[in-house]
Amino acid sequence: MPVAIKNLSHFSSHRPGCLLHSAAFVDISKEISKRRTFAIISHPDAGKTTLTEKLLLYGGALQLAGSVTARKNQRATTSDWMELEKKRGISISSTVLQFDYAGYRLNLLDTPGHKDFSEDTYRVLTAVDSVVMVIDSAKGIEPQTRKLFEVCRQREVPIFTFMNKCDRPMKDPLELLDEVDRVLGIDVFPVNWPIGNGFDFRGVYDRQTRLMHLFERTVGGQFRAPVSTGSLNDPAIRGQLDDVTFQKTVEELEMLEHAGHAFDPDAVLAGLTTPIFFGSGINNFGVQLLLDGFLQHAPAPRGRKNGNAGAGIESGIPGFIQPEHPAFSGFIFKIQANMDPRHRDRIAFIRVCSGKFERDMTVNHSRSEKKVRLSSSHKLFGNERETVGEAYPGDIIGLVGNDSFSIGDTLTTDPGIVYREIPRFTPEAFAYLHNPNTAKFKQFRRGLDQLLQEGVIQALTLRDSVTKTPLLAAVGPLQFEVVQYRLESEYGAKSRLEPAPWTVIRWLPAGIKEDQIKKLTVSSNMALATDAGRNHVALFPNEWAIKYFIEMNPEFPLSALPVQTPEM
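Residues numbered from 1 in each chain as written. Predicted model: local features only at pLDDT ≥ 70, side-chain atom pairs only at ≥ 80, totals over all residues. Heavy atoms only, no water.

(A) Local environment of the packing of helix H11 (residues 441-453) against helix H12 (residues 478-491). Between H11 and H12, the least distance of the axes is 10 Å, while the angle of their chain directions is 125°. In terms of axis orientation, H11 runs oblique to H12. Crossing of H11 over H12 shows right-handed handedness. From H11, Gln-443, Phe-444, Gly-447, Leu-448, Gln-450 and Leu-451 reach across to H12, where they touch Val-483, Arg-486, Leu-487 and Tyr-491. Here the residues of the contact of H11 with H12 sort into 6 nonpolar, 3 polar and 1 charged. (Axes fitted to C-alpha atoms, helices over the stretch in contact; angles between N-to-C directions. Helix = DSSP H or I, 4+ residues; strand = E, 2+ residues; numbered from the N terminus. Parallel < 35°, antiparallel > 145°, perpendicular 65-115°, else oblique. Left-handed = near helix turned anticlockwise from the far one by under 90°. Contact = heavy atoms within 4.5 Å. Nonpolar A, V, L, I, M, F, W, Y, C, P; charged D, E, K, R; others polar.)

Below, the structure is given as structure tokens:
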């Protein structure tokens, strides 16, 4: 029986009282059990987008895989659909890829790895039930990987780990296991084990089936890698390995068998143990084993907390909404403009949480409390889409044509359900965005307004400002470059960026009066402004300026976010 590694430091509902027994309940339960909704996370350049592409290849969704570093005569990756992503070779926007495989419907979300786009990634993580964490086997745990892992831990999301790039010189596999256990504080269970290292990497040994999988490289990794499978003592397999590699593999496997406890699926679902798979995304080594192993142990869609403060037994709405709940409900976690250049439309991504979605259904829009008809719904595959008539919990669908939708909105047939899933983050970068061509003012304004609706950047209005130049705020400065690029490529409006002198933003108390604001004692190097929600904010150049403000205005406490923002 394979064992999990506990410590490697010695190595280098429904409504109360209501049960549904109808055929409809049976059907929806069956559909829910088929769904697997997950994201892929990693530090930049660990191979996340490449692995996404190869999962699509092995899942049958692609016939030919592209590479992030593809040459001009090769195709670009499916998940990186934005032109700037193709030029920079990085993921800028999270992407939804839905496909069917082995009787399951997979909703795969590829996320940006760069820290400047972390807000988009964090929002995506609210919409998934599990994640695949990609680690560069030569570098181990990197800063962004650790941050994303902590977000997943806080949300109790099951984590599956893929040790990538084993076909390049890598750390000792036992060191990698120890590092995950020690740095991230999670138990590890190596589902398979690498055979060889770097250029001599030949494949993996599956510890559960006790079979060796030896792979052959394909040109550019565009096709499935040919594989030979057999037991440890199979002469045909043994003959493909040199004595040193074979003996080292056997010794390491024996160490693993005596180092910990048996594999516990419940510990995986609870986020206490991470199954670890070794391989090479670019050469397709171990990708099939990762996909099959993930589907075997990943959770189906789970229930969500009802954020409606009035929900409970008296209102008849449970505080925790199970996927089988008869009412349709879901929340919008992302908005993207211009995914289809032919239509220049705006698409809202919604995670279905309960009930059954049907095209043309009428739902309640939580923020406006109005009824909305959902007539334009789409199944998504990168920037490609097709009309979808129905969807079930776990599915991610795109809604087009509803300009009133915003990130965090709940759509439901039962107004008693409201989700508070979306986190907000404090901006750390500020810049003025100038329009150098007054003849393009309409394109500039329309484009900026639509990009602001995506929620990745926000606009601030300086108090008593004599200029109408937009002041933008974002989590990271690279977001500004994306805005400039998209304004020009999607709206035909060039822009000029001017850095602003502030590095910190804080919100003043809600309900502060105009006469109170006028009496505030402020330093000459700070500024007062309002955000899009007309909340009053203070902008500071450094921490010293914040301390000065607090000392001079102790009756007006500052906060890193608007105080009325609902907590997760």
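(B) A look at helix H8 (residues 243-257). Taking 1.5 Å of rise per residue, 15 residues should cover 21 Å, and H8 covers 21 Å from first to last C-alpha, within 8% of that figure. With a side-chain oxygen lying 3.1 Å from the backbone nitrogen of Val-244, the N-terminal cap of H8 falls on Asp-242. (Expected span 1.5 Å × (residues − 1). Polar contact = N/O pair within 3.5 Å; in protein donor to acceptor, adjacent residues only side chain to side chain.)

(C) Quick peek at the pattern of salt bridges. Evaluation of the coordinates by the stated rule reveals 22 salt bridges. Taken together, the salt bridges that share partners define one network made up of Glu-31, Lys-34, Arg-35 and Asp-395. (Salt bridge = Lys/Arg side-chain N within 4 Å of Asp/Glu carboxyl O.)

(D) Region of the structure containing the nonpolar core. Membership of the largest hydrophobic core comes to 90 residues, with the highest contact counts inside it found for Leu-55, Leu-125, Val-131, Val-132, Phe-278 and Phe-333. Per element, the largest residue contribution to this core is 6 residues, and it comes from helix H10 (residues 287-297). In this structure, Val-132 is in contact with Phe-38, Ala-39, Ile-40, Ile-41, Leu-51, Phe-160, Phe-162, Leu-290 and Phe-294, ignoring residues within four places of it in sequence. By size, the runner-up hydrophobic cluster in this structure holds 17 residues, among which are Phe-328, Ala-348, Met-361 and Leu-374. (Core = buried A, V, L, I, M, F, W, Y, C linked by side-chain atoms within 4.5 Å. Buried < 20%, exposed > 50% of the residue type's maximum accessible area, 1.4 Å probe, protein only.)

(E) Expanded view of the confidence of the model for the chain. On average, residues of the chain carry a pLDDT of 85, and 84% of them reach 70 or more. Per-element mean pLDDT across the chain ranges from 50 in helix H3 (residues 83-88) up to 98 in strand E6 (residues 159-164). The low-confidence segment residues 9-21 (pLDDT under 50) makes 27 contacts with residues lying over four places distant or belonging to another chain. (pLDDT = per-residue confidence, 0-100.)

(F) The packing of helix H2 (residues 48-58) against H10, seen in detail. Here H2 crosses H10 at 80°, and the two axes come no closer than 9 Å. Relative to H10, the element H2 is oriented roughly perpendicular. Residues Leu-51, Lys-54, Leu-55 and Tyr-58 of H2 lie in contact with H10, whose contacting residues are Val-287, Gln-288, Leu-290 and Leu-291. Classifying every residue of the contact of H2 with H10 by side-chain character gives 6 nonpolar, 1 polar and 1 charged.

(G) Structural view of the packing of aromatic side chains. This structure, assessed with the given rule, holds 12 aromatic pairs. Look at Phe-160 and Phe-294: their rings are 5.0 Å apart centre to centre, the planes differ by 70°, and that puts the pair in the edge-to-face class. Separated by 134 residues along the polypeptide, Phe-160 in strand E6 and Phe-294 in helix H10 bring together distant segments of the chain. Here Phe-215 and Phe-285 contribute two aromatic rings whose centre-to-centre distance is 5.0 Å and whose plane-to-plane angle is 20°, an arrangement assigned as stacked. With Phe-215 in strand E10 (residues 211-215) and Phe-285 in the loop between strand E13 (273-278) and H10, this pair connects stretches of sequence that are 70 residues apart. Like Phe-215, the residue Phe-285 is buried in the burial classification. Positioned above the aromatic ring of Phe-189 is the side chain of Arg-207, whose terminal nitrogen or guanidinium carbon lies 5.1 Å from the ring centre. The aromatic ring of Phe-246 is capped on one face by Arg-238, whose charged end is 4.1 Å from the ring centroid. (Phe/Tyr/Trp six-rings, centres within 6.5 Å; stacked < 30°, edge-to-face > 60°. Lys NZ or Arg CZ within 6 Å of the ring centre and 35° of its normal.)

(H) Spatial organisation of the sheet that holds strand E27 (residues 457-462). Spatially, E29-E26-E28-E27-E31-E32-E30 is the arrangement adopted by the 7 strands of the open sheet, whose pairing is antiparallel. One side of each edge strand has no neighbouring strand; the edge strands of this open sheet are strand E29 (496-499) and strand E30 (504-507). Each neighbouring strand pair of the sheet contributes to a mean axis angle of 40°, computed without reference to strand direction. With 4 bridges connecting them, strand E31 (residues 527-530) and strand E32 (residues 536-540) associate as antiparallel partners. Note that in E32 the partner of Ala-527 across the bridge is Leu-539. Most of the contacts of H11 go to E27, to which it runs at about 120°, and overall it touches strand E26 (429-434), E27 and strand E28 (471-474). (Pairing = 2+ DSSP bridges.)

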